[in-house]
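The residues making up each chain are set out below.
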Amino acid sequence: MSATQDNAAQLLFPPNVQYNNLRLYTVKFLSACSAGAAAGVLGLENWLGFALFVFSTLLTSACLYLKCGGRPAKFIPGGWWELVSPGQENIFSFVLVWTLFYGIVHVYD
């Protein structure tokens, strides 16, 4: 079983993996910032804002899963888990953009 995984790992070309990881990070970052802006403009508070972040992460992961042809492990080491995990820096970016847009739009409410 592990020999099969080792053989599959050897088929990944490191420059392509690096490029895919960079694009994946960029898409996740833009998705988190867009969700934060939407949560701030809509005036979502508490768990509703984080629910929008989770929904945005899952939707982005599903789109990337379809883009990979249902086989993310072929393009990204870590496979499905790497698509679904939001990453700590994206959570912080979401909260930053959320509070920024909430403060700009709802300052006099």
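Predicted model, so just to flag it, every value in this text is computed and none were measured.

(A) Quick peek at empty space enclosed by the protein. Taken as a whole, this structure holds one cavity of 30 Å³ or more when the rule is applied. Its volume calculated, the largest cavity comes out at about 80 Å³. Residue lining of the largest cavity: 13 residues in total, with K28, S31, T57, P86 and N90 positioned closest to the centre. Contributing elements (two or more residues each) for the lining of the largest cavity: helix 2 (14–42), helix 3 (47–67) and helix 4 (79–84). Per-element accounting of the lining of the largest cavity gives the leading share, five residues, to helix 3. In terms of residue class, the lining of the largest cavity is built from five nonpolar, seven polar and one charged.

(B) Quick look at helix 5 (residues 88–105). With 18 residues, helix 5 should reach 26 Å at 1.5 Å per residue; the first-to-last C-alpha distance of 26 Å fits that figure. Buried within helix 5 are the following residues: N90, S93, F94, V97 and W98. Looking straight down helix 5, one finds its buried side chains confined to an arc of 130 degrees; they lie on one side. Exposed and oriented more than 90 degrees from the buried face of helix 5 are Q88, F92 and L96. Structurally, helix 5 contributes buried residues whose contacts are with helix 2 and helix 3.

About the criteria used
- Residues numbered from 1 in each chain as written.
- Predicted model: local features only at pLDDT ≥ 70, side-chain atom pairs only at ≥ 80, totals over all residues.
- Heavy atoms only, no water.
- 1 Å grid on protein atoms, 1.4 Å probe; cavity = no way out; pocket = protein on both sides within 12 Å on 5 of 7 lines; lining within 4 Å.
- Points joined across faces, edges and corners; volume = space filled by probe spheres on them.
- Helix = DSSP H or I, 4+ residues; strand = E, 2+ residues; numbered from the N terminus.
- Nonpolar A, V, L, I, M, F, W, Y, C, P; charged D, E, K, R; others polar.
- Expected span 1.5 Å × (residues − 1).
- Buried < 20%, exposed > 50% of the residue type's maximum accessible area, 1.4 Å probe, protein only.
- Arc of directions from axis to C-beta.
- Contact = heavy atoms within 4.5 Å.

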